[in-house]
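Coordinate analysis (summary)
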Amino acid sequence: MKRITYILCILLTSALVAAMVGWSFAAGALLVPVIAIPLGILVILACREQVAEIISDERTVRIRSKAALKTIEVLLVLGVIGTVIFASYAYSAPLAPTVTGKMTINDDGTRSETLTLSQGGIPGMPEEVVRTLTIRDVDSMNETEARAYGLFWQEGLRLYEESAVIARTLFCCLGALLITFGAFYLHYAGKY
Amino acid sequence: MKNRIRVLRAEREMTQEELAELVGVTRNTIISLEKGKYYPSLKLAYRIADLFRVGIDDVFTYEREKDGPGMGEDE
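One structure accompanies this document, and this report is about it.

A separate point is the pattern of salt bridges. Within the structure shown, the criterion is met by 8 salt bridges over all chains. Residue K70(A) pairs with E73(A) through a salt bridge whose shortest N-O separation is 3.6 Å. Pair noted here: K70(A) and E73(A) are both in helix 3 (residues 58-91), with a separation of 3 residues, about one helical turn. Under the relative-accessibility criterion, K70(A) is labelled exposed at 52%. By relative accessible area, which is 40% here, E73(A) ends up partly exposed. Across the pair E145(A) and R136(A) runs a salt bridge whose closest N-O atoms are separated by 3.6 Å. Take E145(A): its relative accessible area is 12%, and that puts it in the buried class. The exposure class of R136(A) is exposed, given its relative accessible area of 60%. Within the structure, one salt-bridge network assembled from shared partners comprises R6(B), R9(B) and E34(B).

A few words on the pairing of strand 1 (residues 98-105) of chain A. Residue and element names in this part refer to chain A. In terms of strand pairing, strand 1 meets strand 2 (residues 111-119) through 8 bridges, oriented antiparallel. Among the inter-strand pairings, V99 is bridged to a residue of strand 2, identified as L117. The loop that links strand 1 with its antiparallel partner strand 2 comprises 5 residues; one of these, G109, has a positive phi angle of about 90°.

Scoring rules and cut-offs
- All chains use their own residue numbering, which begins from 1 and follows the written sequence.
- Here the convention is simple: chains get letters from A, ligands get numbers from 1, in the order in which they are written.
- In keeping with the model being predicted, local features are shown solely for residues with a pLDDT of at least 70 and side-chain atom pairs are shown and tallied solely at 80 or more, while totals for entire chains, interfaces and linings include all residues.
- The basis for every side-chain value is the complete set of heavy atoms in the structure, and neither hydrogens nor water enter the calculation.
- We define a salt bridge as a contact between a side-chain nitrogen of Lys or Arg and a carboxyl oxygen of Asp or Glu at a distance within 4 Å.
- In this description a helix means any DSSP run of H or I spanning at least four residues, a strand means any run of E spanning at least two, and both kinds are numbered starting from the N terminus.
- Residue burial is assigned from relative accessible area. The probe radius is 1.4 Å, only protein chains are included, and a residue is buried under 20% of its type maximum, exposed over 50%, and partly exposed in between.
- Two strands are counted as paired when DSSP detects at least two bridges linking them.

So, in structure tokens, the structure goes:
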């Protein structure tokens, strides 16, 4: 067996095992992963035995090590930049969207309310109005108005909330990356 | 670092593939070694020298102050 065939075997077996595990969780057949995962490992090991040519030598190991280290460095720098951008967008007060409401008493005695969502920007510059919503009778909203009211909050603050979620996700990924790197570093520092 | 792998291999009418198999590396590694792009580990260097039945100094020559860092040396 050639090296490329072996790599294809690994990819195919991994995809098949992952699909079986996913399906088993959905179907509630929890015995399937117990059988499929060891079977997949056995298939891969059997394929490895069939490879005639050398799969890996010191040069490939060194190339992979260097590539992995550079990947970590690049991801770390990009991750920090991304986290700071999204976090500053989500958590800094001048950039956060603001909602203002204006209540008006109508001629018939009912109260109407106009909500305005503005996007903050550079301090000193006027805020940009993103969307407005007017509810004619705020004390007796009809279904359409209630839905529009809900949508106003949901859509208006979506970008802000998404930024916060992305910032938190990136921060957690960076933390996990650094902890994993640190653990392996300590392991190999002890070994060599 | 210079090496005489290509010369020693040619003297013994050995292909890159054969040499790679005998020392337990891929053909690409032999190609990189011959081009001087990759510096082998001590273990591999000794294995190559042993195979050609020469001393390690007859295969690899270290040139002081001339080399830039190659693959396998610290940058």
